[in-house]
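In case you want the letters, here they are:
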Amino acid sequence: MARTRGSWTGGTLTARSLLKPQDVARAVFHPAWIPQPLDPSVERLKKFRVIAGAAASLGVFTFIEGGFDFTELLENAMTASVVLLFLTPLTVGAMLWVWRRGGTVRQLRVPLVNSLLLLLLFVGCVAAVLVLVQTVNGSANPAVIIGVGLTMMWMLIFTAYGAVRLSGNFFGTAAVHRCLPPLLAVVTSWLMAVPDLVTGDLHGLSLTLGIIFILGAPVTVTAIALLEMGRLKRRYGIRLKAHPATQAPAPGPVPPMPAGMPPTGAPYLPAQGTPYGRPHTANGQHPYAPHPQPPYNPQHPYGG
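Rules and cut-offs
- Residues numbered from 1 in each chain as written.
- Predicted model: local features only at pLDDT ≥ 70, side-chain atom pairs only at ≥ 80, totals over all residues.
- Heavy atoms only, no water.
- 1 Å grid on protein atoms, 1.4 Å probe; cavity = no way out; pocket = protein on both sides within 12 Å on 5 of 7 lines; lining within 4 Å.
- Points joined across faces, edges and corners; volume = space filled by probe spheres on them.
- Helix = DSSP H or I, 4+ residues; strand = E, 2+ residues; numbered from the N terminus.
- Nonpolar A, V, L, I, M, F, W, Y, C, P; charged D, E, K, R; others polar.
- Salt bridge = Lys/Arg side-chain N within 4 Å of Asp/Glu carboxyl O.
- Buried < 20%, exposed > 50% of the residue type's maximum accessible area, 1.4 Å probe, protein only.
- Phe/Tyr/Trp six-rings, centres within 6.5 Å; stacked < 30°, edge-to-face > 60°.
- UniProt positions renumbered as here; feature names shortened; annotations may be inferred.
- Contact = heavy atoms within 4.5 Å.
- Polar contact = N/O pair within 3.5 Å; in protein donor to acceptor, adjacent residues only side chain to side chain.
- Patch = residues over 30% accessible without salt bridge, like charges linked within 9 Å, V, L, I, M, F, W, Y side chains within 5 Å.
- Areas by Shrake-Rupley, 256 points an atom, 1.4 Å probe, with all protein chains shown as cover.
- Axes fitted to C-alpha atoms, helices over the stretch in contact; angles between N-to-C directions.
- Left-handed = near helix turned anticlockwise from the far one by under 90°.
- Parallel < 35°, antiparallel > 145°, perpendicular 65-115°, else oblique.
- Core = buried A, V, L, I, M, F, W, Y, C linked by side-chain atoms within 4.5 Å.
- Domains from an automatic or database assignment.

Visitor: Could you clarify how one ought to interpret empty space enclosed by the protein in this entry?
Guide: What the rule picks out here adds up to one cavity of 30 Å³ or more. There is about 60 Å³ of room inside the largest cavity. Lining the largest cavity are P37, L38, D39, V42, E43, K46, A174, R178, E228 and L232. With three residues, helix α2 (residues 40–58) is the largest single contributor of residues to the lining of the largest cavity. Of the residues in the lining of the largest cavity, the class split is five nonpolar, no polar and five charged.

Visitor: Is there a simple way to explain the pattern of salt bridges in this structure?
Guide: It is possible for side chains of opposite charge to pair when their charged atoms get near one another. Counted by the stated rule, this structure contains one salt bridge. Across the salt bridge formed by R26 and D23, the nearest N and O atoms sit 2.8 Å from each other. Of the two residues, R26 and D23 both sit in helix α1 (residues 21–29), three residues apart, roughly one turn of that helix. The exposure class assigned to R26 is partly exposed, which follows from its relative accessible area of 36%.

Visitor: What is the right way to read the packing of aromatic side chains from this model?
Guide: For any two aromatic rings, the description comes down to two numbers: the centre-to-centre distance and the angle of the planes. Here the structure, examined in full by the defined rule, presents six aromatic pairs. Here the aromatic rings of F29 and F158 are separated by 5.0 Å at their centres, their planes lie at 45 degrees, and the arrangement is tilted. With F29 in helix α1 and F158 in helix α6 (residues 142–169), the pair connects residues that are 129 residues apart, well separated along the chain. You'll find F29 and F158 in the same group, each marked buried. Taking the centre distance of 5.5 Å and the plane angle of 85 degrees together, the rings of F170 and F171 count as edge-to-face. On the basis of relative accessible area, F170 is assigned to the buried category, the value being 8%.

Visitor: Help me understand the UniProt feature "transmembrane region" (unreviewed entry) in the chain in this model?
Guide: Feature annotation in UniProt places "transmembrane region" (unreviewed entry) on residues 50–68, 80–99, 111–132, 144–163, 175–193 and 205–227, given in this structure's numbering. End-to-end, the C-alpha atoms of residues 111–132 are 32 Å apart, and along that stretch the chain is 100% helix and 0% strand. A distance of 28 Å separates the end C-alpha atoms of residues 175–193, which is 74% helix and 0% strand.

Visitor: Help me out: how do you make sense of unusual backbone geometry in this one?
Guide: Trans peptide bonds make up most of the peptide bonds, and negative phi angles are found at most residues other than glycine. With phi around 45 degrees, F170 is a residue other than glycine that occupies positive phi space. One can find F170 in the loop between α6 and α7 (180–199). The backbone of F171 sits at a positive phi, close to 60 degrees, despite the residue not being glycine. Mapped onto the fold, F171 is located in the loop between α6 and α7.

Visitor: In this structure, what is going on with the side chain of E228? I would like to understand it.
Guide: For E228, the location among the structural elements is in helix α8 (residues 207–236). Taking the relative accessible area as the measure of exposure, E228 reaches 0% and is therefore buried. The contact partners of E228, leaving out residues within four places of it in the chain, are V42, L45, K46, R49 and P182.

Visitor: Can you walk me through the side chain of T188 in this structure?
Guide: Relative to the assigned elements, T188 resides in helix α7. A polar side-chain atom of T188 sits 2.7 Å from the main-chain carbonyl oxygen of L184.

Visitor: Looking at this model, I keep getting lost on a nonpolar patch on the surface. Mind explaining?
Guide: Together, V113, L116, L117 and L120 make up an exposed nonpolar region whose accessible area comes to about 320 Å². Note on L116: relative accessible area 41%, which makes it partly exposed.

Visitor: Is there a simple way to think about the packing of α1 against α6 in this case?
Guide: Between two packed helices, the angle of one axis relative to the other and the distance separating the axes together describe the packing. Close contact between α1 and α6 brings their axes to 8 Å; oriented N to C, the two are set at 35 degrees. You can see that α1 and α6 cross each other, and the crossing is right-handed. Here α1 contributes P21, Q22, V24, A25, R26, V28 and F29 to the contact with α6, which in turn contributes W154, I157, F158, Y161, G162, R165, L166 and N169. Split by residue class, the contact of α1 with α6 holds ten nonpolar, three polar and two charged.

Visitor: Looking at this structure, how should I read the packing of helix α4 (residues 70–98) against helix α5 (residues 109–138)?
Guide: Two elements in contact, α4 and α5, have axes whose closest approach is 9 Å; the angle formed by their N-to-C orientations is 165 degrees. For the element pair α4 / α5, the angle class is roughly antiparallel. Every pair of crossing elements has a handedness; the one defined by α4 and α5 is left-handed. In terms of residue class, the contact of α4 with α5 is built from 19 nonpolar, five polar and one charged.

Visitor: Looking at this structure, I do not really get the nonpolar core. What am I missing?
Guide: One finds F29, F158 and F171 to be the most contacted residues of the largest nonpolar core, which totals 34 residues. The element that contributes the greatest number of residues to this core is α5, accounting for eleven residues. Counting only domains with at least three residues in this core, you end up with domain 1 (71–176) and domain 2 (177–244). The next biggest cluster of nonpolar side chains, apart from the first, holds nine residues, and it includes M95, W99, L108 and L180.

Take a look at the structure:
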């Protein structure tokens with residue numbers, strides 16, 4: 001699956017597309033080399049997983065404690081992006097070690113490189129948005145505020161839509177293995193919850209609410225991810241522990257036969273070689289074979 005020129009966005013972007021950052025984000029962060037979904041039910045599960053993952057990533061504590069700080073939110077997003085920059089390759093590397101007996105890393109080199117580039121691109125976009133926001137906040141020049149502010153708004157919409165897209169395909173790792181996106185979602189959500197559990201930081205909430213809000217997102221993401229991987233295994237034979245090269249191909253529609261082309265298979269012929277089946281006659285003879293005539297009887301009105 002080598003990447004060819006123009007195949008990243010599928011040739012869907014034009015100069016007019018730059019006016020709509022959400023369209024650019026859709027093409028850039030869900031590129032053409034990511035495989036198409038196998039099942040609508042799996043896609044619906046992904047949407048629920050994205051919602052639960054967003055709750056884990058953004059954090060409900062910012063809204064509950066009051067005093068929403070946009071800059072702090074971007075700094076938290078930057079921290080989470082840096083964590084993902086190290087966590088995602090480590091998780092994929094662990095799975096490559098699990099798959100070592102079923103195939104080689106060379107077979108997955110192209111999708112692995114593509115996924116890494118997508119991860120680096122997203123981290124770079126988050127860093128760019130944070131720099132633009134800090135520049136606008138620290139400048140008193142109206143021209144800088146307007147010019148940088150417009151760029152900041154475009155990048156903010158572009159990155160936000162990209163984050164939603166990446167939550168579904170998780171940096172295009174579905175091109176490596178269909179089960180990697182739900183696995184990475186589980187690992188990420190728990191990694192964000194574990195520090196609060198270890199330190200006991202409930203963000204000013206009571207013990208009950210703190211545990212609910214800390215564990216709610218990762219537990220939900222885990223349950224949905226397990227259901228998603230279970231359906232991939234039952235319906236398509238795709239197992240997390242199996243190397244992608246050994247996975248059963250997904251069933252596809254039978255291509256239509258070109259017009260005017262005869263069927264390739266031989267027609268069914270019964271055992272006796274006639275396409276009409278065995279003839280049914282009283283005496284067992286073929287219906288078109290010559291029959292013996294009775295002797296002539298002159299007293300019979302018809303001579304029979």
